[in-house]
Amino acid sequence: MSTDTIHHEVEDPLGGPRVPSASTEPLPTATARRTWAVFLEGLRAHPATSALALLTVLAGSAAGLVAPWVLGGMVDDISNGAGAETILRSAALIAAAAAIGGVLVGLGAWQVSRLGETILARLRERVMRRVLHMPAVRLERVRIGDLLSRVGDDVAVVTNAIARNGPEVVTALATVVLTTAGMAALDWRLGLAGLAALPFYVWALRWYMPLSGPFYARERVAMGERSHAMMGALRGRDTVRAYRLEAEHEERIADRSLSAMRLTLDVFRLFTRLGARMNGSELVGLGAVLVVGFWLVRGDLATVGMVTAAALYFHRLFGPVGFLVMTFNDVQQAGASLARLAGVVDLPEAKDPDAEEGPAGSSLRVDAVSHVYAADAPKALDRVSLTVAPGERVALVGASGAGKTTLAAVVSGLRTPTSGNVYLGGIPLEEMGEQRVREHVFLLSQETHVFAGTLLEDLRLARAEATAAEIEKALETVGALDWVRALPEGIDTVVGEGGHALTAEQAQHLALARLALADPDLAVLDEATAEAGSSGARRLEGAAAAATKGRTTLVVAHRLTQAATADRVVVMDQGRIVEEGPHEELVALEGRYARLWRSWQG
């Protein structure tokens, strides 16, 4: 899908009239509850791995409780005059616990990281599967920048959070829970004293989360808006240069980038203020433990060692709690990105009728079809009716914006008309379903993509089970076999990104070979030879004629030589059919087509 943001409008990606950008729509974002549900679904899909990772992390965190406990005991032992043997035994126990804890924490971090990346990989697959199977009509309404931001930026944000912070976050949470329990086990009053910091922690987070959450969500949306502006300018760069609109687009991109930057800075300011509140909470908690411990020791209700252990336990919380706070920025960003991915996963699947029978023949009938791109836009098609007999070749001609490409998109099933029906072999396209339509209708436009891989793999996109001999026959049909054999490795040459570069003519040759290989009932050619030069266009026109020989064909003709060789010419203007007939008859009528033909000849 291509976009053109000139004058704040989006050009119909299939060449139709421009419609307001409001016709596009952002993809949905999941609620917090649904985001957690999607994450928990991923955990439940790997129960054994999840349980083992959790137990390992808990065991490693529990090993970390040994040192403060033993140190507290050492204080009491020294106070009571214990010998060196007792002290050395305690030191050995601390060293052993530290070694075991280090191994378990490292192993647990690896397990958590592996589990998180597995869950994200499956989620990414679900997102891509949903996008790739999205109905063409819905896909064209999606903002391309928003879509690319989700499958690119958002996936990267969540991946980085899992790889960089995921294991540490899980370990820190386990440490906080177990350390708090350890303080309570020493003396419930010391545990309560440590909990004095809890209301201040909660107060700080309750202040921060409602303020920061919307900022993160808006930041991700701003990133999508920035991507959308950049993609619009890049994909429409030729038009932008032709109209000298570089400054306007640069200003728009700069404005979107500035909005995203300001949101990031606002969140960082909130984050620094949160850090000050967390430091105050630590001061309150540690002070409470020391004060309560002092009174307990004074009243012979606790030993100095117990209070020492409790203070060390609480001090041990500084690291994990501080880490959780410092990574809260990343966690919030990851949560916002995960919500956007979950929103794509939850898109409703299109109900495909999956008709058991295909079309009964290759005739095409367009019955009173009308189409508008927006409620306040003029009709792109206005009650168009057209019949194409099996094997007939019909050319659509007319000025830009006449409705040719829109009609081609409706006939090929890429657009659902506002009213009217299209029949292939007597069966309505909407009853056949998108998958069945793709099997019987082949659309070839001027925008041809060469996929990365061998040329053989590229051609098998049309028919996966095709043999090398069948592929060479298709290449020979369209006159491409000679130059394919001249490639470094022939049909096994790697093409596309990172491979052997093909010219625009060669890429279109491959597309025509795919058409011949797919052998559809109906071929729709939408300016399929426009990307080549004059000599290349003539060769491609011959290749297109060979690929569609004997096949029902609808050609959107940008060169009137294509119309002259068609069985019938249909002239369109403002969404209506205004003339129809063989080339010679229309020229003799001295009407609209005759004027076009004279202009072309002149």
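Going along each chain's sequence as written, the residues are numbered from 1 onward. Local features in this predicted model are restricted to residues whose pLDDT is 70 or higher, and side-chain atom pairs enter the listing and the counts only when it is 80 or higher, whereas totals over whole chains, interfaces and linings include all residues. As a rule here, side-chain values cover all heavy atoms of the structure and leave hydrogens and water aside.

**Quick notes on the overall build of the protein chain**
Keep this limit in mind: For the purposes of this entry, the term helix denotes a DSSP run of H or I that reaches at least four residues, the term strand denotes a run of E that reaches at least two, and both are numbered from the N terminus. Categorising residues by exposure relies on relative accessible area from a 1.4 Å probe, with only protein chains included: less than 20% of the type maximum marks a residue as buried, more than 50% marks it as exposed, and the intermediate range marks it as partly exposed. Any two residues whose heavy atoms approach within 4.5 Å are treated as being in contact. Surface accessibility follows the Shrake-Rupley procedure with a 1.4 Å probe radius. Residue values consider only the protein chains on display as shielding.
A count of helical and extended segments in the protein chain gives 23 helices and 14 strands. Here the protein chain holds 602 residues, and the buried ones make up 46% of them. Expressed as a percentage of contacts within the protein chain between residues at least 6 apart in sequence, the contacts between residues at least 24 apart total 78%. Accessible surface computed for the protein chain: about 29,500 Å², of which carbon and sulfur atoms make up 59%.

**As for the packing of aromatic side chains**
To keep it simple, the criterion reads: Each aromatic pair joins two rings of Phe, Tyr and Trp (for Trp, the six-membered one) with centres within 6.5 Å, and gets the label stacked for planes under 30 degrees apart, edge-to-face for over 60, and tilted for any other angle.
Scanning all chains against the criterion turns up two aromatic pairs. Taken together, a centroid distance of 6.1 Å and an interplanar angle of 80° make the contact between Trp36 and Phe39 edge-to-face. On the criterion of helical spacing, the pair formed by Trp36 and Phe39 is a turn pair, its members being three residues apart in helix H1 (residues 32-44). We classify Trp36 as exposed; its relative accessible area is 56%.

**Looking at the packing of helix H2 (residues 47-63) against helix H4 (residues 84-132)**
Geometrically, a packed helix pair is captured by the angle between its two axes and the distance between the axes. This is how the line gets drawn: As a rule, the C-alpha atoms of each element are fitted with a line to give its axis, helices using only the stretch in contact, and angles between N-to-C directions run from 0 to 180 degrees. Oblique is the label for any angle not covered by the other classes, which are roughly parallel (under 35 degrees), roughly antiparallel (over 145) and roughly perpendicular (65 to 115). Two helices crossing with the near one rotated counterclockwise from the far one by less than a right angle form a left-handed crossing, whereas a clockwise rotation gives a right-handed crossing.
As a packed pair, H2 and H4 sit with axes 7 Å apart at the nearest point and diverge in direction by 150°. By the angle between their axes, H2 is roughly antiparallel relative to H4. The hand of the H2/H4 crossing is left-handed. Packed against H2, whose contacting residues are Thr49, Ser50, Leu52, Ala53, Thr56, Val57, Ala59, Gly60, Ser61 and Ala63, the element H4 presents Ala97, Gly101, Leu104, Val105, Leu107, Gly108, Gln111, Val112 and Leu115 at the interface.

**Quick look at the confidence of the model for the protein chain**
What counts here: Think of pLDDT as the predictor's per-residue confidence, scored from 0 to 100.
Across the protein chain, the average pLDDT comes to 80, with 89% of residues at 70 or higher. Across residues 1-23, where pLDDT falls below 50, the model places 68 contacts with residues more than four positions away in sequence or in other chains.

**Section: the pairing of strand S5 (residues 393-397)**
Condition: A pair of strands is treated as paired once DSSP finds two or more bridges between them.
Extensive coverage of S5 is indicated by the burial of five of its five residues. Neither face of S5 is open: one carries Arg393, Ala395 and Val397, the other Val394 and Leu396, and all of them are buried. As paired strands, S5 and strand S13 (residues 568-573) are joined by four bridges and run parallel to one another. Bridging from a neighbouring strand, Ala395 pairs with Val569 of S13.

**What to know about the sheet that holds strand S7 (residues 427-428)**
With antiparallel pairing, the four strands of this open sheet are ordered in space as S4-S3-S6-S7. Strand pairing shows two members of the sheet lacking a second neighbour, strand S4 (381-388) and S7, which therefore form its edges. As judged from the two bridges shared by strand S6 (residues 419-424) and S7, these two strands associate in the antiparallel manner. The partner of Leu424 across the bridge, within S7, is Ile427. Contacting strand S3 (364-371), S4 and S6, helix H13 (residues 404-411) runs over the sheet at an angle of about 120° to S3.

**Some words on the environment of Val450**
For Val450, the position within the fold is in the loop between strand S8 (441-445) and strand S9 (453-454). For Val450 and Ala501, which are 51 residues apart along the polypeptide, the C-alpha to C-alpha distance reads 9.4 Å.

**So, helix H10 (residues 246-298)**
The following threshold applies: To estimate how far a helix should extend, the number of its residues minus one is multiplied by 1.5 Å.
Given a rise of 1.5 Å per residue, 53 residues ought to cover 78 Å, and the 78 Å separating the end C-alpha atoms of H10 matches this to within 8%. Asp300, located one to two residues past H10, shows a positive phi value of around 55°.

**Some words on the nonpolar core**
For clarity, the cut-off: What is meant by a nonpolar core is a set of buried Ala, Val, Leu, Ile, Met, Phe, Trp, Tyr and Cys residues, joined one to another through side-chain atoms within 4.5 Å.
Counting residues in hydrophobic clusters, the biggest one holds 45 residues, and the most contacted among them are Val397, Leu455, Ile471, Leu475, Leu512 and Tyr593. Counting residues per element, this core draws most heavily on helix H19 (residues 504-518), which supplies eight residues. If sequence neighbours within four positions are ignored, Leu512 has contacts with Leu444, Val478, Leu540, Ala543, Ala544 and Ala547. Tyr208, Phe271, Leu274 and Tyr313 belong to the second-largest nonpolar core, a separate cluster that totals 32 residues.

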